[in-house]
Amino acid sequence: MMHAISRSATSILLVSLAISGCEPTTPLSSMPSDESEQLVLIEGTSEPFTREAVYFVMTDRFVDGDKSNNYENQGAEHPTWRLPLHGPDGQTAFVGYMGGDLKGIVNNIDYIKDMGFSAIWTTPVVDNPDQAFTGSEPIGFGGQFKDGGKSGYHGYWATNFYQPDEHLVSVDLTVKDYTDALHKAGMKAVFDIVANHGSLSFSMPADQPGFGEIYDKDGKLVADHNNLHPTALDTSEPLQAFFHPFPDLVELSNLNEDNPDVQDYLINSYLYWIEQGADAFRIDTIRHVSHHFWRVMSDRIRAAHPGFYMFGESFQYDANFIAQHTLPKNGGISVLDFPMQKAMVSVFGKDDKDYEALEETLFLTHGPYNNPYDLATFYDNHDMPRMDATDNGFIDAHNWLFTTRGIPVVYQGSEIGFMRGTAEHSGNRNYLGQENIDKAPEHDIYQALRAIARVRQTTPALQSGLQYMLTIKGHRAAFYRVLQNHKVQQTALVLLNKGDQATTFTIAQHVQAGQWVEQLSGNTLTISSQDSLEATVAPHSAQVWVREGEIDDKAFLSALIRQMEYQ
């Protein structure tokens, strides 16, 4: 039988190692009595969700699996279908519904799963207004922070937090049917939730149905903004008490999360969607809502569903700022890793910066996060310009994303470099479609992504193993991922080359004796105790060498334990 030493006991072991000159002599009664049976716990995280890789789908812009739910004539004088924005050189973006739905996702589960993803994050499934918005300033091609003429195709303008949008479900496919289909395929469903706001709520020439209104699960009106500027609201009125009397984001209603009725309404809606099969939540605009609310919300969610994983969008590049949400006192909610996202674009995009720009975003020791390994890592999404990179840039980005710490998230279409470099209203959210999906396996980006994603999927050390850096300089990076517990003892050596020429790595530091298997090629090396590992990595490529078995290098074990202590 093997015994694991918990992280809380590592300080005891560190003292012993220091006293003995880094020899792992076993000191105290907290250690197993039989030294030959000791197994020291080495990991980056114990969070189960780090096993996943997430494919992010903007449902309306993915695949139209059911023409009958398109509602092309919806909205009367304020239609919601397509609504093109025309740009220079024939460019077009759209701010209306394009037909994508949950059936389109279900029809392509195998495509997403075969790529190496194990979870699908969708934009909100909840009901949105049935007209295009007439307030604000008219949105134009490439415009920002203007909502005039847009529809709620994206799902973030909720009018009923319990009701699915009619454009997304089908007569024969409910939201529960959708999650059941994912679960049957061994996939997890990540739902996008909002607490900061409902729909756009003021500045309309005349009040429109749905806008500024919130209905409960029984269809009863529980809040109405009445097309009033927030400062004109009378919060003593029950239907206006749901809102803060001050604006926040554009013309969106600003929900009062301090109101107990609002808390119950929102949190009960989240619990409802978990009942419908949600396995995790992505939280929109988390920084716009108080820490107190998230603590109340997370406590209630996890009381009913222990360990439920959530990650929030705090659109800031300051790690100390976004890390606040990860602290237990603030709800213990992970976040999207915006600091790394910014660095990834600079390293793998047109700027082609060296790998050093990424090192400072890892925070493997002495960082602000409760645990950096639990972060959701990404290089772009629907709210920012898609990464402007060459095919090789995307390949290099995926090689990093699927081997470094964190939970990789990839936005639909990135497997073919879809609409690269375009922003929200200039093509970022354009319809992907079945035709693009069907031909994607021929694309170089897709093939390289599939290869490295499937390696991560079958290599536990890449999912939750401690990351120990060896070199990160120029176009080269090398690091270990080490996982050692009662189920898995595995070391992965990751070698990355984003340069245009092949490069040879000679790794002598902490290379343990035994057989090492390269996961992409199947090549093997048998290393003796005095050998180094030498490997030549092709341009814009990765190698992942894996050794099974416990760490037997005493100095390496000491270094790993010390890094865990200061994580």
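The model shown is predicted, which means the values in this text are computed figures rather than measured ones.

### Details of the overall build of the protein chain
Logical step 1: Secondary structure summary: the protein chain contains 14 helices and 26 strands in total.
Logical step 2: Taken along its principal axes, the extent of the C-alpha atoms in the protein chain is 80 × 55 × 40 Å.
Logical step 3: With 567 residues in all, the protein chain has 59% of them scored as buried.
Logical step 4: By sequence separation, contacts in the protein chain at least 24 residues apart represent 73% of the contacts at least 6 residues apart.
Logical step 5: As presented, the protein chain carries roughly 21500 Å² of accessible surface, and 49% of it is formed by carbon and sulfur atoms.
Logical step 6: Distance between charge centroids for the protein chain: 4 Å, based on 39 positive and 73 negative side chains.

### Quick notes on the sheet that holds strand β26 (residues 541–548)
Logical step 1: On the basis of which strands lie adjacent, the open sheet formed by 6 strands has the order β19-β20-β21-β26-β23-β24 and antiparallel pairing. Two strands in the sheet have a free side with no partner beyond their single neighbour: β19 (466–473) and β24 (524–527). Averaged over all pairs of adjacent strands, the angle between strand axes in this sheet comes to 20°, irrespective of strand direction.
Logical step 2: Across 9 bridges, strand β20 (residues 476–484) lies against strand β21 (residues 489–497) in antiparallel orientation. Following the sheet pairing, Ala478 is matched in β21 by Leu495.
Logical step 3: Most of the contacts of helix α14 (residues 554–565) go to β19, to which it runs at about 100°, and overall it touches β19 and β20.

### Description of the nonpolar core
Side chains of nonpolar character tend, in soluble globular proteins, to be buried together.
Logical step 1: Judged by nonpolar contacts, the single largest core of 126 residues is most densely connected at Phe281, Met297, Leu358 and Trp400.
Logical step 2: Take this core: its biggest share by element is 8 residues, from helix α5 (residues 260–275).
Logical step 3: Beyond its immediate chain neighbours, meaning those up to four positions away, Phe281 contacts Val190, Phe191, Ile193, Tyr270, Ile274, Met297, Ile301, Phe308, Tyr309, Met310 and Phe311.
Logical step 4: With 21 residues, the next largest nonpolar core counts Trp121, Tyr153, Leu336 and Val409 among its residues.

### Here we look at the sheet that holds strand β15 (residues 309–312)
Logical step 1: Pairing is parallel across the open sheet formed by 8 strands, whose spatial order is β16-β15-β14-β9-β6-β3-β18-β17. Every other strand in the sheet has two partners, leaving β16 (334–335) and β17 (376–377) as the edge strands with one partner each.
Logical step 2: The pairing of strand β6 (residues 119–122) with strand β9 (residues 188–194) spans 4 bridges and is classified as parallel. Directly across from Ile120, in β9, lies its bridge partner Ala189.
Logical step 3: Contacting β6 and β9, helix α4 (residues 175–184) runs over the sheet at an angle of about 140° to β9.

### Some remarks on the confidence of the model for the protein chain
Logical step 1: Residues with a pLDDT of 70 or more make up 93% of the protein chain, whose mean pLDDT is 93.
Logical step 2: Every residue in residues 1–36 is under pLDDT 50, and counting partners more than four places away or in other chains gives 58 contacts.

### Focus on the packing of aromatic side chains
Logical step 1: Using the criterion set out here, one finds 31 aromatic pairs in the structure.
Logical step 2: Ring geometry for Tyr355 and Trp400: centres 6.0 Å apart, planes at 35°, overall tilted. With Tyr355 in the loop between α8 (338–348) and α9 (356–359) and Trp400 in helix α10 (residues 391–401), this residue pair connects regions lying 45 residues apart in the sequence. Of the two residues, Tyr355 and Trp400, neither departs from the other in class, the shared state being buried.

### Focus: the packing of α10 against helix α12 (residues 444–457)
Logical step 1: Here α10 crosses α12 at 10°, and the two axes come no closer than 9 Å. When the axis of α10 is compared with that of α12, the two are roughly parallel. Between α10, through Asp391, Phe394, Ile395, His398 and Asn399, and α12, the contact on the second element is made entirely by Asp444, Ile445, Ala448, Leu449 and Ile452.
Logical step 2: Of the residues in the contact of α10 with α12, the class split is 6 nonpolar, 2 polar and 2 charged.

### Some words on the side chain of Gln240
Logical step 1: Tracing the backbone through its elements, the reader meets Gln240 in the loop between β12 (221–224) and β13 (252–254).
Logical step 2: Excluding residues within four positions of it along the chain, Gln240 makes contact with Asp224, Asn226, Leu228, Leu233, Asp234 and Thr235.

### Details of a negative patch on the surface
Logical step 1: Among the surface-exposed residues, Asp354, Glu356, Glu359 and Glu360 lie close enough to one another that they form a single negatively charged patch.
Logical step 2: With respect to the helices, strands and loops of the structure, Glu356 is situated in helix α9.

### Points about the packing of α5 against helix α6 (residues 291–304)
Logical step 1: Viewed as axis vectors pointing N to C, α5 and α6 meet at an angle of 35°, and their least axial separation amounts to 10 Å. Note that α5 runs across α6; the crossing there is right-handed. Where α5 abuts α6, its residues Gln263, Asp264, Leu266, Ile267, Asn268, Tyr270, Leu271 and Ile274 lie against His292, Phe293, Val296, Met297, Arg300, Ile301 and Ala304.
Logical step 2: The class makeup of the residues in the contact of α5 with α6 is 10 nonpolar, 3 polar and 2 charged.

### A word on the environment of Ala53
Logical step 1: Along the chain, the position of Ala53 falls in the loop between β2 (38–40) and β3 (54–57).
Logical step 2: The class of Ala53 is buried, set by a relative accessible area of 4%.
Logical step 3: Separated by 356 residues in sequence, Ala53 and Val409 have C-alpha atoms that sit 6.3 Å apart.
Logical step 4: For Ala53, the contacting residues outside a window of four places in its chain are Gly116, Phe117, Ser118, Ala119, Phe402, Pro408 and Arg456.

### Describing the pattern of salt bridges
A side chain with one charge can pair with a side chain of the opposite charge if their charged atoms come near.
Logical step 1: Taken as a whole and judged by the stated rule, the model has 22 salt bridges.
Logical step 2: In this structure, Glu424 and Lys150 form a salt bridge, with 3.6 Å as the shortest nitrogen-oxygen distance. Of this pair, Glu424 sits in the loop between β18 (407–411) and α11 (433–439) while Lys150 sits in the loop between β7 (126–127) and β8 (160–164), placing them 274 residues apart in sequence.
Logical step 3: When its relative accessible area of 4% is taken as the criterion, Lys150 is described as buried.
Logical step 4: One salt bridge connects Arg429 with Asp383, and the closest N-O pair in it is separated by 2.9 Å. Taken together, the residues Arg429 in the loop between β18 and α11 and Asp383 in the loop between β17 and α10 connect sequence positions 46 residues apart.
Logical step 5: We classify Asp383 as partly exposed; its relative accessible area is 25%.

### Here we look at the side chain of Gln276
Logical step 1: Summarising the element assignment, Gln276 is placed in the loop between α5 and β14 (280–284).
Logical step 2: In this structure Gln276 comes out as buried when scored by relative accessible area, which is 16%.
Logical step 3: Other than its neighbours up to four places away in sequence, Gln276 contacts Val175, Lys176 and Thr179.

### A short note on unusual backbone geometry
Logical step 1: Non-glycine residue Ser136 carries a positive phi angle of around 60°.
Logical step 2: Residue placement: Ser136 occurs in the loop between β7 and β8.
Logical step 3: Even without glycine at this site, Asp352 takes up a positive phi of about 50°.
Logical step 4: Within the secondary structure, Asp352 sits in the loop between α8 and α9.
Logical step 5: The class of Asp352 is partly exposed, set by a relative accessible area of 38%.

Rules used throughout
Each chain carries its own residue numbering, running from 1 in the direction its sequence is written. Totals for whole chains, interfaces and linings use all residues, but because this is a predicted model, local features are given only for residues with pLDDT of at least 70 and pairs of side-chain atoms are given and counted only at 80 or more. The side-chain values count all of the structure's non-hydrogen atoms but skip hydrogen atoms and water molecules. A run of H or I in DSSP counts as a helix once it spans at least four residues, and a run of E counts as a strand once it spans at least two, with each numbered from the N terminus. Type-normalised accessible area, obtained with a 1.4 Å probe on protein chains alone, sets the label of each residue: buried when under 20%, exposed when over 50%, and partly exposed for intermediate values. Should any heavy atoms of two residues lie within 4.5 Å, those residues are counted as being in contact. Per-residue and other accessible areas follow the Shrake-Rupley method at a 1.4 Å probe size, with only the shown protein chains counted as cover for residues. Charged-residue counts in this description rest on Lys and Arg as positive and Asp and Glu as negative, His and the chain ends being excluded. Throughout, a charge is located at the NZ atom of Lys, the CZ atom of Arg, the CG atom of Asp or the CD atom of Glu. Pairing between two strands is assigned when DSSP locates at least 2 bridges connecting them. Note on geometry: axes are C-alpha line fits, over the in-contact stretch for helices, and angles between N-to-C directions span 0 to 180 degrees. Here the nonpolar core consists of buried residues drawn from Ala, Val, Leu, Ile, Met, Phe, Trp, Tyr and Cys, with membership extended through side-chain atoms lying within 4.5 Å. As a per-residue measure, pLDDT tells how confident the predictor is, with possible values from 0 to 100. Only centres within 6.5 Å qualify two rings of Phe, Tyr or Trp (six-membered ring in Trp) as a pair; their planes then separate them into stacked at under 30 degrees, edge-to-face at over 60, and tilted for everything else. If an angle is under 35 degrees, it is roughly parallel; if it is over 145, roughly antiparallel; if it lies from 65 to 115, roughly perpendicular; otherwise it is oblique. Residues were grouped as follows: Ala, Val, Leu, Ile, Met, Phe, Trp, Tyr, Cys and Pro as nonpolar; Asp, Glu, Lys and Arg as charged; and all remaining residues, including Gly, as polar. Each patch is built from residues that are more than 30% exposed by relative accessible area and take part in no salt bridge. Like charges join if they lie within 9 Å; nonpolar side chains (Val, Leu, Ile, Met, Phe, Trp, Tyr) join within 5 Å. Salt bridge, as used here, is a side-chain nitrogen of Lys or Arg placed within 4 Å of a carboxyl oxygen of Asp or Glu. Crossing chirality is assigned from the near helix's rotation relative to the far helix, an anticlockwise turn below a right angle marking it left-handed and a clockwise turn marking it right-handed.

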